[in-house]
Structure formats: structure tokens, C-alpha cells
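Structural description and commentary
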Amino acid sequence: MSDQPPPPAEKGTEATATASAVRDRDLAEAEIAALAQHAQDAAGFLKVLSHEGRLMILCHLVEGEKSVAELERLLAVRQPSVSQMLARLRLEGVVEARRDGKAIYYSLADDRARRLIEIIHDMFCGAAERPQD
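As the structure is a computational prediction, the values presented were derived from the model and not from experiment. (Residues numbered from 1 in each chain as written. Predicted model: local features only at pLDDT ≥ 70, side-chain atom pairs only at ≥ 80, totals over all residues. Heavy atoms only, no water.)

1. Notes on the packing of helix α2 (residues 52-62) against helix α3 (residues 68-75)
- Between α2 and α3, the least distance of the axes is 11 Å, while the angle of their chain directions is 115°. The handedness of the crossing between α2 and α3 comes out as right-handed. Across from M56, I57, H60 and L61 in α2, the residues of α3 making contact are L71, L74 and L75.
- Residue composition of the contact of α2 with α3, grouped by class: six nonpolar, one polar and no charged. (Axes fitted to C-alpha atoms, helices over the stretch in contact; angles between N-to-C directions. Helix = DSSP H or I, 4+ residues; strand = E, 2+ residues; numbered from the N terminus. Left-handed = near helix turned anticlockwise from the far one by under 90°. Contact = heavy atoms within 4.5 Å. Nonpolar A, V, L, I, M, F, W, Y, C, P; charged D, E, K, R; others polar.)

Next comes the structure, spelled out in C-alpha cells:
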């Protein structure tokens, strides 16, 4: 073995390593910021679905377009309450409205809502239909 110190590092190598470390740190910070934004978006989306009445409306709309009067009957809720829940869902871009004469029909506008409602149905409603082991 030799008692000689290792050869000195080249100046360019140190600068490259430092630049790479800064770039990696900036990238990690950007990824963290993006992840935080995605989490905020997901939480907002789930908040819209977290209301029992709005969730019931979406469950019915997964089956197809429904009028406000149909939803009122299916939910056994008065028209002003149904309209208020639909307004929130429309504001959030989850449903869309179509007018036909005096009737207003609603349908799902967001495929994420459809997918999530189908999963929720399978987890909570489908489980009740299956025999328990």
C-alpha cells in the first residue's frame, strides 16, 4: 500500500457535481410541489363527493341522464335541495346540464367521477349483494 494521497480532483469535476446536486434538489422540490398540488386537487374532488346527497345523485347519474324531477323522486328530496346539490356538482364540473323545454337533464361530465362511483358501488353496495364467507 502506498502512503500517497489520492490525486487532486479536477476543478471541472467538482463544479459538475455541485451543479448536478443543485439540479437534483430543484427537481425534488418541483416534484414535491407537484405532488402537493395533486393532493390538493384530489382532496377538493373528494370533498365534492363526500356529501351524501351529491353522492346519491352521482350514483343515479352513472346509470344515465336524469331530469331534476326524476332525481327528486329517486332521492325523495324536495326540488330546491336537489337543485342546490346539482348546482354544486355543476360548479365543480362533475355534471353537465341540458335543457329540453321546461325540463333540465343532468349527466356526468367527468369520467373520474364515473370511475370512482363505480368503485364505491363495488366496495359498499356490491359487497351487500354478495354472500359473506
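2. Some details on the pattern of salt bridges
- Under the defined criterion, the tally for this structure stands at three salt bridges.
- Here R98 and E65 are joined by a salt bridge, their closest N and O atoms 2.7 Å apart. Residue R98 is located in strand β2 (residues 95-100), and its partner E65 is located in the loop between α2 and β1 (66-67); the two are separated by 33 residues in the primary sequence.
- The class for R98 is partly exposed, based on a relative accessible area of 37%. (Salt bridge = Lys/Arg side-chain N within 4 Å of Asp/Glu carboxyl O. Buried < 20%, exposed > 50% of the residue type's maximum accessible area, 1.4 Å probe, protein only.)

3. Some remarks on the packing of aromatic side chains
- If you walk through the whole model with that rule in mind, you get zero aromatic pairs.
- The ring of F45 carries the charged tip of R112 above its face, separated from the ring centre by 4.4 Å. (Phe/Tyr/Trp six-rings, centres within 6.5 Å; stacked < 30°, edge-to-face > 60°. Lys NZ or Arg CZ within 6 Å of the ring centre and 35° of its normal.)

4. Examining the pairing of strand β3 (residues 103-108)
- Strand direction decides the pairing type here: β1 and β3, joined by two bridges, are antiparallel. Within the sheet, the bridge partner assigned to S67 lies in β3 and is Y105.
- Strand direction decides the pairing type here: β2 and β3, joined by six bridges, are antiparallel. By the bridge assignment, R98 is partnered in β3 with Y105.
- In sequence, β2 turns back onto β3 through a hairpin of two residues, with G101 there showing a positive phi of about 65°. (Pairing = 2+ DSSP bridges.)

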